[in-house]
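Report on the structure
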Amino acid sequence: MPNLKDLKNRISSVKSTRKITKAMQMVAAAKLRRAQDAAEQSRPYTERFNAVMGALAASVGDSDSAPKLLSGTGKDDVHLLIVMTSERGLCGGFNANIAKLAKAKATELLGKGKTLKILTVGKKGRDAIKRDFGDYFVGHVDLSEVKRLGYADAQGIAKDVLGRFDAGEFDVATIFYSKFVNVVSQIPTEQQIIPAAFDAPEGDSAEATTLYDYEPDEEAILADLLPRGVATQIFSALLENGASEQGARMSAMDNATRNAGEMIEKLTIQYNRSRQAVITNELIEIISGAEAL
């Protein structure tokens, strides 16, 4: 049984840990509000942009003059997986869930005999995947110095990816990130960005697109907008990831704070019992000595 001094030191240590986790929870809550607002504000633009691009893609169809970003290379032999995770830990299963989805996709592609390449965004995802698929890494994007994500960060990643595509390094590109739902729910998501895949608009959106005449023609507009569309999808994924990370960290630190509180209660009970046992033994010794006299 640990002595009283050891128990007292351990209680003090756990209390210090609880202060740290509580502070991290409050910081994550403050960052979550900004990250959530940014993610939610980007969704209407992204959805409308994709709707317009979907209408243009549907009108072009399988035309021979369709941009390469839309029609693809005609093959799907080489796949580039862009795995987006956080630069910091202590956010529960956020990074592990994204890495798990990416590793499952990588295993599936290798099982089909495809050539695999992996581009990581965020240190934690790189560390999680490196053990099993480190030989397939072709690049890494470090965002540890970025305090607040901006469109320029997404453009930098998109420029790298598009440059690799133009150089013929891959046929299909897929991004992996976590879509923010709420503080306790973040959904690991897989999204193909090259060749660009857009759903044709339906209902009112489909009727609205018939009122527009595009000049120059659809192929020229797509050729100009598709690179921007790749950057937009990457930026949206980064914002969703940012909100998901802070939500996961807030939940993880809240659980850690509660667990620390429960541990302090158990250790305090153990300390009081040990202290009572010591006092009882001392009383017995005093009484026994008095009776011996």
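Thresholds applied
Residues numbered from 1 in each chain as written. Predicted model: local features only at pLDDT ≥ 70, side-chain atom pairs only at ≥ 80, totals over all residues. Heavy atoms only, no water. Helix = DSSP H or I, 4+ residues; strand = E, 2+ residues; numbered from the N terminus. Buried < 20%, exposed > 50% of the residue type's maximum accessible area, 1.4 Å probe, protein only. Contact = heavy atoms within 4.5 Å. Expected span 1.5 Å × (residues − 1). Patch = residues over 30% accessible without salt bridge, like charges linked within 9 Å, V, L, I, M, F, W, Y side chains within 5 Å. Areas by Shrake-Rupley, 256 points an atom, 1.4 Å probe, with all protein chains shown as cover. Salt bridge = Lys/Arg side-chain N within 4 Å of Asp/Glu carboxyl O. Pairing = 2+ DSSP bridges. Axes fitted to C-alpha atoms, helices over the stretch in contact; angles between N-to-C directions. Core = buried A, V, L, I, M, F, W, Y, C linked by side-chain atoms within 4.5 Å. pLDDT = per-residue confidence, 0-100.

1. Thoughts on the overall build of the chain
- Secondary structure summary: the chain contains 7 helices and 5 strands in total.
- Its C-alpha atoms put the chain at 110 × 40 × 30 Å along the principal axes.
- The buried share of the chain, reckoned over its 293 residues, is 40%.
- The contacts of the chain with a sequence gap of at least 6 include a subset with a gap of at least 24, amounting to 78%.

2. Description of helix α3 (residues 94-111)
- Between its first and last C-alpha, α3 extends 26 Å over 18 residues, near the 26 Å set by a 1.5 Å rise per residue.
- Buried-residue contacts for α3 involve β1 (78-84), β2 (115-121), α4 (123-133), β4 (172-182), β5 (185-194) and α7 (218-292).
- Just downstream of α3, G113 is the residue with a positive phi angle, here 80°.

3. Topic: a nonpolar patch on the surface
- Together, L283, I286 and I287 give the surface a local cluster of nonpolar side chains, amounting to about 310 Å² of exposed area.
- Topologically, I287 is positioned in helix α7.

4. Concerning the sheet that holds strand β3 (residues 137-141)
- Taken in spatial order, the 5 strands line up as β3-β2-β1-β4-β5 in an open sheet, and their pairing is mixed. Edge positions in the sheet fall to β3 and β5, since each has one partner strand and no second. Averaged over all pairs of adjacent strands, the angle between their axes in this sheet comes to 20°, without regard to strand direction.
- When β4 meets β5, the two strands line up antiparallel, connected through 9 bridges. Bridging from a neighbouring strand, T174 pairs with Q192 of β5.
- Contacting β1, β2 and β3, α4 crosses the sheet at an angle of about 165° to β3.
- This element, α7, spans β1, β2, β4 and β5 of the sheet and lies at about 40° to β4.

5. Quick look at the nonpolar core
- The biggest cluster of nonpolar side chains holds 45 residues, and the ones touching the most others in it are I82, M84, I194 and I234.
- Elements with a contribution of two residues or more to this core: α1 (4-60), α2 (68-71), β1, β2, α5 (151-166), β4, β5 and α7.
- With 12 residues, the top contributor of residues to this core is α7.
- Sequence-distant contacts of I82, that is, excluding residues within four places in its chain, are made with L119, V121, V161, T174, I175, F176 and I193.
- Counting residues in each nonpolar core, the second largest holds 16 residues, with A106, I118, F133 and F137 among its members.

6. Observations concerning the pairing of β4
- The buried fraction of β4 is high, at 8 of 11 residues.
- As paired elements, β1 and β4 share 5 bridges and run parallel to each other. Within β4, the position partnered with L81 by the bridge is T174.
- If you look at the hairpin formed by β4 and β5, you'll find 2 residues sitting between the two strands.

7. Brief notes about the confidence of the model for the chain
- Per-residue confidence for the chain averages 86 on the pLDDT scale, and 91% of its residues sit at or above 70.
- Per-residue pLDDT, averaged within each element of the chain, yields its smallest value for helix α6 (residues 203-209) (48) and its largest for β1 (94).
- Here residues 204-209 is a poorly scored stretch, pLDDT under 50, and it has 4 contacts once near neighbours within four places are set aside; other chains count.

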